[in-house]
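# Understanding the architecture of this molecule
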Amino acid sequence: MKHALPAEPVPIRSRRSGVFMETLPPPPAPLPRFEVGIPPPDLSAWREGNCGIPGVMHFESRRVGPHVVVVCLIHGNEYTGAIVMDELLRARLRPGAGRLSFIFANMEALAQFDHERPVASRFIDEDMNRVWSEDTLRGTRSSHELDRARQILPVIQTADILVDLHSMLWPGRPLVLSGRAPRGMTLARQIGATPLIVADDGHADGTRLIDFARFSSPRTQARACLVEAGQHWQAQTLHTARRAVRAVLRPSCLVKTETGGRNVRETAQCMMVTDLVRAHSSRFAFVAPFRGGDIIARRGTLLARDGDDEIRTPYDDCMLVMPNLRPGRGQTALRLARRAPHVTDGSSSHPAP
Ligand SMILES: [Zn+2]
């Protein structure tokens, strides 16, 4: 019996050939005006914290259990997660077992939030989701975000389960990023707040919190996920963030989860990032307003032009992960993903290689 050979992958990037009558894509337009549907929360009640670290609320149960850490505001303008944590703290949520920490990572960046320029308050000095390598944290360099990362490090270093709450600038399907460790994928399935889970390697320009050694090293069991709950400042995003936090707190804090979580867990679509596309020029332009989560059926489909280059899907059924519709030169414009093979949890008795 003959088996069809898999199709040869198409190169993602190729130089345009032939005679083109059209001109190069125009320079990228300025960012559109994004609607701010939900105002930022007042977090003054938690500014001092309750454990000696500002912006960290920590609670302990007398019963043994894991240390669950929920983090928001790693990006200062992504505040739907902070609204959820504020709600739970005001409701006096406490762990029934183990320890619980809520971290408001960058209140100072949030304090600079401006409805007229809502994108500007992502951070003060640098992206706080690129500083989580041991070398960077132990180094001598200083910045607002790096110093804050060092301040909350004692909490991060004792986390058994960590959920990092984010949202997205451009429209797209909500998703949970699980990192590469199989145990991250297991946690993402347990959270079950979004029907899409994406495993990836992070960014070349710095280490994310979920890729911190404690959560990615084969020598530890701690697990972490990043929830991209939807578009910034939207009511639906707040709803998804609530579901994610309640799902992760449910085992130790006895909170109720909303119905529907189980179905999502069973049917979650698990994807693996295969490629990262950077803008090589300042004239990177998608050929259509793609949305995150779009699946392009045919390999070789033109996605974007980058100066003289064309960007095409390398294989059939290629998912576009969080396309950045206005990438600057050198920035990540797109990640490409395909369906993930079944993964086993690294914490099982048969760890994945
Ligand atoms: Zn973010």
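All of the points below concern the structure found in this document. Predicted, not measured: the structure shown is a model, and the values here were computed from it.

Basis of the calculations
- Residues numbered from 1 in each chain as written.
- Predicted model: local features only at pLDDT ≥ 70, side-chain atom pairs only at ≥ 80, totals over all residues.
- Heavy atoms only, no water.
- Helix = DSSP H or I, 4+ residues; strand = E, 2+ residues; numbered from the N terminus.
- Axes fitted to C-alpha atoms, helices over the stretch in contact; angles between N-to-C directions.
- Parallel < 35°, antiparallel > 145°, perpendicular 65-115°, else oblique.
- Left-handed = near helix turned anticlockwise from the far one by under 90°.
- Contact = heavy atoms within 4.5 Å.
- Nonpolar A, V, L, I, M, F, W, Y, C, P; charged D, E, K, R; others polar.
- Phe/Tyr/Trp six-rings, centres within 6.5 Å; stacked < 30°, edge-to-face > 60°.
- Buried < 20%, exposed > 50% of the residue type's maximum accessible area, 1.4 Å probe, protein only.
- Lys NZ or Arg CZ within 6 Å of the ring centre and 35° of its normal.
- Bend = angle between axes of the 7 residues up to and from the residue.
- Pairing = 2+ DSSP bridges.

Generally, phi is negative for residues other than glycine and the peptide bonds are trans, each holding for most cases. Even without being glycine, Leu-73 reaches a positive phi, approximately 65 degrees. Along the chain, Leu-73 turns up in the loop between β3 (67-72) and α1 (80-90). In this structure, Arg-92 takes a positive phi of about 60 degrees despite not being glycine. Among the secondary structure elements, Arg-92 is positioned in the loop between α1 and β4 (99-104).

Our next topic: the packing of α1 against helix α7 (residues 235-253). Contact geometry for α1 and α7: axes closest at 9 Å, N-to-C directions at 55 degrees. Put simply, α1 runs oblique to α7. In this structure, α1 crosses over α7, and the sense of that crossing is right-handed. Contacts between α1 and α7 involve Thr-80, Ile-83, Val-84, Glu-87 and Leu-88 from the former and Thr-237, Leu-238, Ala-241, Arg-242, Val-245, Arg-246 and Leu-249 from the latter. When grouped by side-chain class, the residues that make up the contact of α1 with α7 number seven nonpolar, two polar and three charged.

All right, on to the packing of aromatic side chains then. In the structure shown here, the tally under the stated rule is seven aromatic pairs. Ring geometry for Tyr-79 against Phe-113: centres 5.2 Å apart, planes inclined by 85 degrees, an arrangement best described as edge-to-face. Linking Tyr-79 in the loop between β3 and α1 with Phe-113 in the loop between α2 (107-111) and α3 (134-138), this pair joins segments that are 34 residues apart in sequence. In this pair, the class of Tyr-79 matches that of Phe-113, namely buried. On the numbers, 6.0 Å between centres and 75 degrees between planes, the contact of Trp-132 with Phe-212 is edge-to-face. Here Trp-132, found in the loop between α2 and α3, pairs with Phe-212, found in the loop between β7 (196-199) and α6 (213-216); they are 80 residues apart in sequence, far enough to count as distant. For the pair Trp-132 and Phe-212, a shared accessibility class is recorded, and that class is buried. Among the aromatic residues, those joined into a ring-pair cluster are Tyr-79, Phe-113 and Trp-233. Note that Arg-338 overlies the ring of Tyr-315, its terminal NZ or CZ placed 3.9 Å from the centroid.

At Ala-247, α7 shows its largest kink, close to 30 degrees, and the proline Pro-251 lies no more than four residues downstream. For α7, the full list of buried residues reads Thr-237, Leu-238, Thr-240, Ala-241, Ala-244, Val-245, Ala-247, Val-248, Leu-249, Ser-252 and Cys-253.

Right, let's talk about the sheet that holds strand β1 (residues 13-15) for a bit. Strands sit in the order β1-β13-β12-β10 across an open sheet of four strands; the sheet is antiparallel. Where the open sheet ends on each side, the last strands, each with one partner, are β1 and β10 (284-286). Across the sheet, the mean angle from the axis of one strand to that of its neighbour is 25 degrees, orientation sign disregarded. Bridge count for strand β12 (residues 302-306) against strand β13 (residues 309-312) is four bridges, and the pairing is antiparallel. Its bridge partner lying in β13, Ala-304 is registered against Ile-311.

We now examine the environment of Leu-162. Structurally, Leu-162 can be placed in strand β5 (residues 161-168). The sequence separation of Leu-162 and Gly-184 amounts to 22 residues, and the corresponding C-alpha distance is 9.8 Å. Those residues in contact with Leu-162 that sit more than four places away from it in its chain are Val-69, Val-71, Ile-156, Leu-187, Leu-209, Phe-215, Arg-223, Ala-224 and Cys-225.

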